[in-house]
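Chain residues, written in single-letter form:
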Amino acid sequence: MKDLSGILLIDKPVGVTSRFICDKIQKKFHMKKVGHLGTLDPFASGLLLIAIGKACKILKYLENLNKTYCACLKLGETTPTLDTESEIILKKDIPLLNKDKILDVLNSFKGEIVQKVPLTSAKRVGGKRLYEYAHNNEEIDTPTQKVNIYNIYLLDFNVDNIIFRVEVSKGTYIRTLGKDIANRLNTIGYLTSLRREAIGEFNVVKSVSIEDVSEKDLIDIKDALYLIKKYKVDDNLIKKVRNGVSLKLKDIEDELILIIDRENNPIAIYEKQNDEYRCSRGLW
């Protein structure tokens, strides 16, 4: 296996799973360890963060990054999955809409909201994933969760379609948001397209296709962890870090720090606990 590590920005096309992209990366780079951040269903396209090698260890530190999506909401009809993956089951009249009315409704979702987790979700309830209940036609009260809508923009609209861009917190279901927007417009709706444009500062405009990706596209671990402060230590301290020894560091208040050696190689992520830093994740 090649000793490669880093993050790849892949533009996932419609029609394939996130796991499929990981499998292709494994074969292309001849790597055993490959993971991804933020699953995109086959229906959705856009930015997928793929980690290879030691970078798989840092994915959990990127989970809380905000995500930005562009979606097209079809009004007056709906499907069980709230997207084009299932047949239309209900139709309803669409009231006469104008830009101001649509903007008022979109803006009403800004801030912290409570979402009902859809039955198509992989979230576990009672020991099973929700989509398993759906596949078995079992009834269950789906849970709710609090999420944040940081920004939402109207891009275009016509008689029965609304195209919007939205920046959200981790765990936000854009299909559910589309359904709720339609409901506040006194109709029903489902998404006909969904594209993830950004995860934190990682943008789809800097991504590559699965066919064109190469080693030169790898983002170094320390650059991927752009929100975590870097702390360079000497060789003597590096030995302690590699053994997971706790450190007492002066003049640092950050909750997380990335320990790097003299050559700027990432060695470990340390977390502040009381008056010392303890090893949270080794990267060697």
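Coordinates for the structure precede this section.
I will try to describe carefully the structure that is included in this document. (Residues numbered from 1 in each chain as written. Predicted model: local features only at pLDDT ≥ 70, side-chain atom pairs only at ≥ 80, totals over all residues. Heavy atoms only, no water.)

1. Brief notes about the overall build of the protein chain
Then comes step 1: In terms of helices and strands, the protein chain carries six helices and 17 strands.
Then comes step 2: Within the span of the protein chain, comprising 284 residues, buried residues form 44% of the whole.
Then comes step 3: Counted over contacts in the protein chain with a minimum sequence separation of 6, partners at least 24 positions apart contribute 66%.
Then comes step 4: For the protein chain, the accessible surface area stands at approximately 15,200 Å², while carbon and sulfur atoms represent 46% of it.
Then comes step 5: Charge centroids of the protein chain, computed over 46 positive and 40 negative side chains, lie 4 Å from each other. (Helix = DSSP H or I, 4+ residues; strand = E, 2+ residues; numbered from the N terminus. Buried < 20%, exposed > 50% of the residue type's maximum accessible area, 1.4 Å probe, protein only. Contact = heavy atoms within 4.5 Å. Areas by Shrake-Rupley, 256 points an atom, 1.4 Å probe, with all protein chains shown as cover. Lys, Arg positive; Asp, Glu negative; His and termini not counted. Charge placed at Lys NZ, Arg CZ, Asp CG, Glu CD.)

2. Focus: the sheet that holds strand β14 (residues 229-232)
In any sheet, the strands associate via hydrogen bonds between backbone groups, in a parallel or an antiparallel arrangement.
Then comes step 1: The four strands lie next to each other as β14-β15-β16-β17, forming an open sheet whose pairing is mixed. In the strand order of this sheet, the two ends are held by β14 and β17 (276-282), each with one partner. Each strand axis lies, on average, 35° off the axis of its neighbour in the sheet, ignoring direction.
Then comes step 2: Summarising the sheet, strand β15 (residues 256-260) and strand β16 (residues 266-273) pair through five bridges and their orientation is antiparallel. Opposite Leu-256, over in β16, you have Glu-271 as the bridge partner. (Pairing = 2+ DSSP bridges. Axes fitted to C-alpha atoms, helices over the stretch in contact; angles between N-to-C directions.)

3. Re the pattern of salt bridges
Then comes step 1: In total, this model carries 13 salt bridges according to the counting rule given.
Then comes step 2: As a salt-bridge pair, Asp-160 and Lys-74 come within 3.2 Å of each other at their nearest N and O atoms. Taken together, the residues Asp-160 in the loop between β10 (144-157) and β11 (161-168) and Lys-74 in strand β4 (residues 67-75) connect sequence positions 86 residues apart.
Then comes step 3: Between Glu-197 and Arg-165 there is a salt bridge; the shortest N-O distance is 2.6 Å. Placement of Glu-197 in strand β12 (residues 189-199) and of Arg-165 in strand β11 is noted, with a sequence separation of 32 residues between them. (Salt bridge = Lys/Arg side-chain N within 4 Å of Asp/Glu carboxyl O.)

4. Considering the layout of surface pockets
Then comes step 1: Volume-wise, the second largest pocket comes out at about 420 Å³.
Then comes step 2: In this structure, the second largest pocket is lined by 20 residues; those nearest its centre are Pro-80, Leu-82, Pro-118, Leu-119 and Lys-179.
Then comes step 3: Top contributing element to the lining of the second largest pocket by residue count: helix α4 (residues 174-184), with five residues.
Then comes step 4: In terms of residue class, the lining of the second largest pocket is built from eight nonpolar, eight polar and four charged. (1 Å grid on protein atoms, 1.4 Å probe; cavity = no way out; pocket = protein on both sides within 12 Å on 5 of 7 lines; lining within 4 Å. Points joined across faces, edges and corners; volume = space filled by probe spheres on them. Nonpolar A, V, L, I, M, F, W, Y, C, P; charged D, E, K, R; others polar.)

5. Remarks on the side chain of Ser-18
Then comes step 1: Here Ser-18 is to be found in helix α1 (residues 18-29).
Then comes step 2: Setting aside residues up to four positions removed in sequence, Ser-18 forms contacts with Lys-12, His-36, Thr-39, Leu-40 and Leu-48.

6. Considerations on the environment of Gly-178
Then comes step 1: The topology assignment puts Gly-178 in helix α4.
Then comes step 2: Taking the C-alpha atoms as reference points, Gly-178 and Tyr-190, twelve residues apart in sequence, are found 6.4 Å from one another.
Then comes step 3: Beyond its immediate sequence surroundings of up to four residues, Gly-178 is in contact with Leu-73 and Leu-191.

7. Observations concerning unusual backbone geometry
Then comes step 1: The residue Asp-251 is not glycine, and still its phi comes out positive at about 60°.
Then comes step 2: Among the secondary structure elements, Asp-251 is positioned in the loop between α6 (235-242) and β15.
Then comes step 3: Among the residues examined, Asp-251 registers a relative accessible area of 77% and is labelled exposed.

8. Quick word on α1
Then comes step 1: Along its twelve residues, α1 runs 17 Å from first to last C-alpha, staying within 8% of the 16 Å computed at 1.5 Å per residue.
Then comes step 2: Taken residue by residue, α1 has Ser-18, Ile-21, Cys-22, Ile-25 and Phe-29 as its buried positions. Taken end-on, α1 shows its buried residues confined to a sector of 100°, consistent with a single buried face.
Then comes step 3: Turning to α1, the residues buried within the fold contact β1 (6-12), β2 (34-37) and β3 (45-52).
Then comes step 4: Just downstream of α1 lies His-30, where phi reads positive at about 55°. (Expected span 1.5 Å × (residues − 1). Arc of directions from axis to C-beta.)

9. Considering the pairing of β3
Then comes step 1: Of all eight residues in β3, eight are buried, a share of seventy percent or more.
Then comes step 2: Of the strand pairs in this sheet, β1 and β3 are connected by seven bridges, and their pairing is antiparallel. When the bridges of β3 are listed, Gly-6 appears paired with Ile-52.
Then comes step 3: Sheet topology note: the β2/β3 ladder contains four bridges and is antiparallel. By the bridge assignment for β3, Leu-37 is matched with Leu-49.
Then comes step 4: Of the pairings in the sheet, the one linking β3 to β12 comprises two bridges and is parallel in character. Residue pairing in the sheet places Gly-46 in a bridge with Arg-196 of β12.

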